[in-house]
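Commentary on secondary and tertiary structure
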Amino acid sequence: MFQKILFWLLFGITFLMAERIDITPSELEALQNQGVRVVDIRTEPEWQQTGVIPQSERLTFFDARGNYDALGFLKKLEQRGITPQTPLILVCRSGNRTLLVANYLSSQGFEKVYNLKNGIIEWIKLSKPLEKPAP
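Quick look at the structure, then. (Residues numbered from 1 in each chain as written. Predicted model: local features only at pLDDT ≥ 70, side-chain atom pairs only at ≥ 80, totals over all residues. Heavy atoms only, no water.)

A few words on the overall build of the chain. Of regular secondary structure, the chain possesses six helices and five strands. Traced from its N-terminal end to its C-terminal end, the chain shows the element sequence α-β-α-β-α-β-α-β-α-β-α. A burial count over the chain gives 45% of its 135 residues as buried. Restricting the contact set of the chain to residue pairs at least 6 apart, pairs at least 24 apart contribute 71%. Working note: accessible area of the chain is about 7500 Å², and carbon and sulfur atoms make up 55% of it. (Helix = DSSP H or I, 4+ residues; strand = E, 2+ residues; numbered from the N terminus. Buried < 20%, exposed > 50% of the residue type's maximum accessible area, 1.4 Å probe, protein only. Contact = heavy atoms within 4.5 Å. Areas by Shrake-Rupley, 256 points an atom, 1.4 Å probe, with all protein chains shown as cover.)

Shown next, in the form of structure tokens:
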């Protein structure tokens, strides 16, 4: 419980000073075409339910109960070759979880963290392409 309180407190403070860049689905497509990597932080059931943005990388941050392993997430990013110098676009269902994760990554030295405003919901609303992830 203390870990969760500390996490939210850190994000509250970081929110005031961290830079994150909210983007639209069209901006996501343009950035992705320039080679910016897209990381979908939702859970496996969410990916299966809606599909995922083509060529996105799936890497859950919060589990279904809201638990997380922030250091483990950083380690998984590193294993995929994503460093603080790597521009990165985060995707979740509505943009709320990615807002928190973007602020966290900014506090850890990540230089360009984009947040898909309104998440996959907006992506679907605009009939942008989706693919079914392999189970």
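From this point, things continue past the structure.
Turning our attention to the nonpolar core. Judged by nonpolar contacts, the single largest core of 21 residues is most densely connected at I41, F61, F73, L90, V101 and L105. Put simply, the parts of the chain that give this core at least two residues each are helix 4 (70–79), strand 4 (88–91) and helix 5 (96–107). For this core, the leading source of residues is helix 5, giving five residues. Setting aside residues no more than four positions away along its own chain, F73 makes contact with I41, L59, T60, F61, V101 and L105. (Core = buried A, V, L, I, M, F, W, Y, C linked by side-chain atoms within 4.5 Å.)

All buried positions along helix 2 (residues 25–33) are accounted for by P25, L28, L31 and Q32. The buried residues of helix 2 occupy an angular sector of 120 degrees when the element is viewed end-on, so they sit on one face. (Arc of directions from axis to C-beta.)

Strand-to-strand pairing in sheets goes through backbone hydrogen bonds, with the strands running parallel or antiparallel. Spatial strand order, 1-5-4-2-3: five strands in an open sheet with parallel pairing. Either end of the sheet is taken by a strand with one partner, and the two such strands are strand 1 (21–23) and strand 3 (57–58). Contacting strand 1, strand 2 (37–40), strand 4 and strand 5 (113–116), helix 2 crosses the sheet at an angle of about 105 degrees to strand 1. Strand contacts of helix 5: strand 4 and strand 5, with the helix running at about 150 degrees to strand 4, the strand carrying the most contacts. (Pairing = 2+ DSSP bridges. Axes fitted to C-alpha atoms, helices over the stretch in contact; angles between N-to-C directions.)

Looking now at the environment of P87. Its location among the elements puts P87 in the loop between helix 4 and strand 4. Along the sequence, P87 and V36 sit 51 residues apart, while their C-alpha atoms lie 5.8 Å from each other. Those residues within four positions of P87 in sequence are excluded, and the remaining contacts are V36, R37, K112 and Y114.

Relative to strand 4, strand 2 runs parallel, the two sharing four bridges. Along strand 4, the bridge assignment pairs D40 with V91. Direction of pairing for strand 2 relative to strand 3: parallel, over a ladder of two bridges. Residue D40 lies in a different strand from strand 3, and its bridge partner there is R58. In this fold, the crossover linking strand 2 to strand 3 by way of helix 3 (residues 44–50) has right-handed handedness. (Right-handed = clockwise from strand over helix to strand, strands pointing away.)

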